[in-house]
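Listed here are the chains, written in short residue letters.
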Amino acid sequence: MSDSIQPRSMVCPVSIDDQQCVTLAHGEGARATRELIRQHVLSRFDHPSLSSLGDAAVLSVSGGRVAMTTDSFVVSPLFFPGGDIGKLAVYGTVNDLAVSGAVPKWLSLSLIVEEGLPLTILDQILDSIAAAAARCDVSVVTGDTKVVPRGAADGIFINTTGIGEFEINPPAGPASIRCGDALIVSGPIGSHGLSVLAAREELFLEPPLQSDSAPLHGAVAELLSAASDSVRAVRDATRGGLSAVLHEWSAECGLTMALRESQIPISQEVRGACELLGIDPLYSANEGTMVVAVDSLAVEECLAALRSVPETCEAACIGVVVESGTAPVTIERLLGTRQPVDEPTGSQLPRIC
Ligand code: MG
């Protein structure tokens, strides 16, 4: 699969001239930069710290600890079924805060834009960022815009840094996972990686794939308020998919994660695409699906809490933690045989987030 520049991701749906594209002047810090920021960025984000255009955002925290995370987004193509680079840039960072047990509050937004990107495309992406931030109740409080010459980026790259506050005790983490704990996945797996691949390679699959790109802060809040003492670890299953998270957890706690294939939710679309492309859904990336390890006594409570939130209404218990065995992660296949699940060594699909 090609990882080269994808011109179609930059194709503007209306005819354009140079004045309607980002130019190098937009990145030079002078009047064109100010106009770009005022007209295209500030008009969409309302926070006093951003609109004052100061050198740093000054934030009031409620005391105690905060969580901070950062992520860069280079997905190709920029738009794909179920999402776009803007949504990913917000939900990706929000989800990393949420699964750490923090309530996402503030985001920085850094744009690295390739000269020639149509302003209509930039506007669509900024609209998507604004809508996603509003959905997560996070404010964009600081940012940066750079423009690089044609060929030095692929349309646009985005970095977001997020800060969240702890309003409830966070999970103890994967080292606290014990034998007998239950493993939960918050919804059907594998759709994001496959939907980006299908969009990039222009595969018209039937039924069509849709990325699971979604925020998880609401689901984590429900989960922790229902059973915070019983939740050992939470992680969003992004690059490397479900398999990567479980291998990391096994390494942390020294136990085996034993899955049951019949219990893992996989949509018909993902199953079909995986069979066609020879990809195992256990390794395909998700952008709105998380894995949770909980005390087995609280599994029903945790499932009920997750299922009460639209983004995680298909949560399912997919396995159990057992004494360290032949492999860090195993799966009982549909025919009843138990097999090791290999650790992903690299990404099957580059540039999916
Ligand atoms: Mg993560």
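Residues numbered from 1 in each chain as written. Predicted model: local features only at pLDDT ≥ 70, side-chain atom pairs only at ≥ 80, totals over all residues. Heavy atoms only, no water.

Draft legend 1. Layout of the layout of surface pockets. Here the largest pocket is characterised by a volume of approximately 390 Å³. What lines the largest pocket is a set of 20 residues, and nearest its centre among them are Ile37, Leu53, Gly143, Asp144 and Thr145. No other element matches the seven residues that strand β5 (residues 139-148) contributes to the lining of the largest pocket. A breakdown of the residues in the lining of the largest pocket according to their chemical character gives nine nonpolar, eight polar and three charged. (1 Å grid on protein atoms, 1.4 Å probe; cavity = no way out; pocket = protein on both sides within 12 Å on 5 of 7 lines; lining within 4 Å. Points joined across faces, edges and corners; volume = space filled by probe spheres on them. Helix = DSSP H or I, 4+ residues; strand = E, 2+ residues; numbered from the N terminus. Nonpolar A, V, L, I, M, F, W, Y, C, P; charged D, E, K, R; others polar.)

Draft legend 2. Structural context of unusual backbone geometry. At the junction of Ser76 and Pro77, the peptide bond is cis and its omega measures out at 5° in the coordinates. Cis rather than trans, the peptide bond between Glu206 and Pro207 has omega equal to -5°. Within the secondary structure, Pro207 sits in the loop between α5 (191-200) and α6 (217-227). In this structure, Leu53 takes a positive phi of about 50° despite not being glycine. Among the secondary structure elements, Leu53 is positioned in the loop between α2 (48-51) and β1 (66-73). Overall, Leu53 belongs to the partly exposed group, its relative accessible area being 38%. Phi angles above zero are rare outside glycine, and Arg351 is one such case at about 50°. For Arg351, the location among the structural elements is in the segment after β13 (338-340). With relative accessibility at 17%, the residue Arg351 sits in the buried group. (Buried < 20%, exposed > 50% of the residue type's maximum accessible area, 1.4 Å probe, protein only.)

Draft legend 3. Looking closely at helix α4 (residues 119-136). Between its first and last C-alpha atoms α4 spans 26 Å; for 18 residues at 1.5 Å apiece the expected length is 26 Å, and the two agree. Listed as buried for α4 are Leu119, Ile121, Leu122, Asp123, Ile125, Leu126, Ser128, Ile129, Ala130, Ala132, Ala133 and Cys136. At the exit of α4 stands Asp137, carrying a positive phi of roughly 60°. (Expected span 1.5 Å × (residues − 1).)

Draft legend 4. Looking closely at the coordination of the magnesium ion. Protein-derived coordination of the magnesium ion comes from Asp96 (OD) and Asp236 (OD), at a distance range of 2.2 Å. Of the two residues, Asp96 is situated in helix α3 (residues 85-99) and Asp236 in strand β8 (residues 231-236); the sequence distance between them amounts to 140 residues. Judged by its relative accessible area of 9%, Asp236 falls in the buried class. (Donors = N, O, S within 2.8 Å, 3.2 Å for Na, K, Ca; no water.)

Draft legend 5. Examining the sheet that holds β1 more closely. With mixed pairing, the four strands of this open sheet are ordered in space as β1-β6-β4-β5. Each end of this open sheet is capped by a strand with a single partner; those strands are β1 and β5. With strand direction ignored, the average angle separating the axes of adjacent strands in the sheet is 15°. For β1 and strand β6 (residues 156-165), the ladder comprises eight bridges, and the chain directions are antiparallel. Each residue of the ladder has a partner; that of Phe73, found in β6, is Ile158. (Pairing = 2+ DSSP bridges. Axes fitted to C-alpha atoms, helices over the stretch in contact; angles between N-to-C directions.)

So, to be careful, I would describe these as geometric facts and stop short of saying anything about function.
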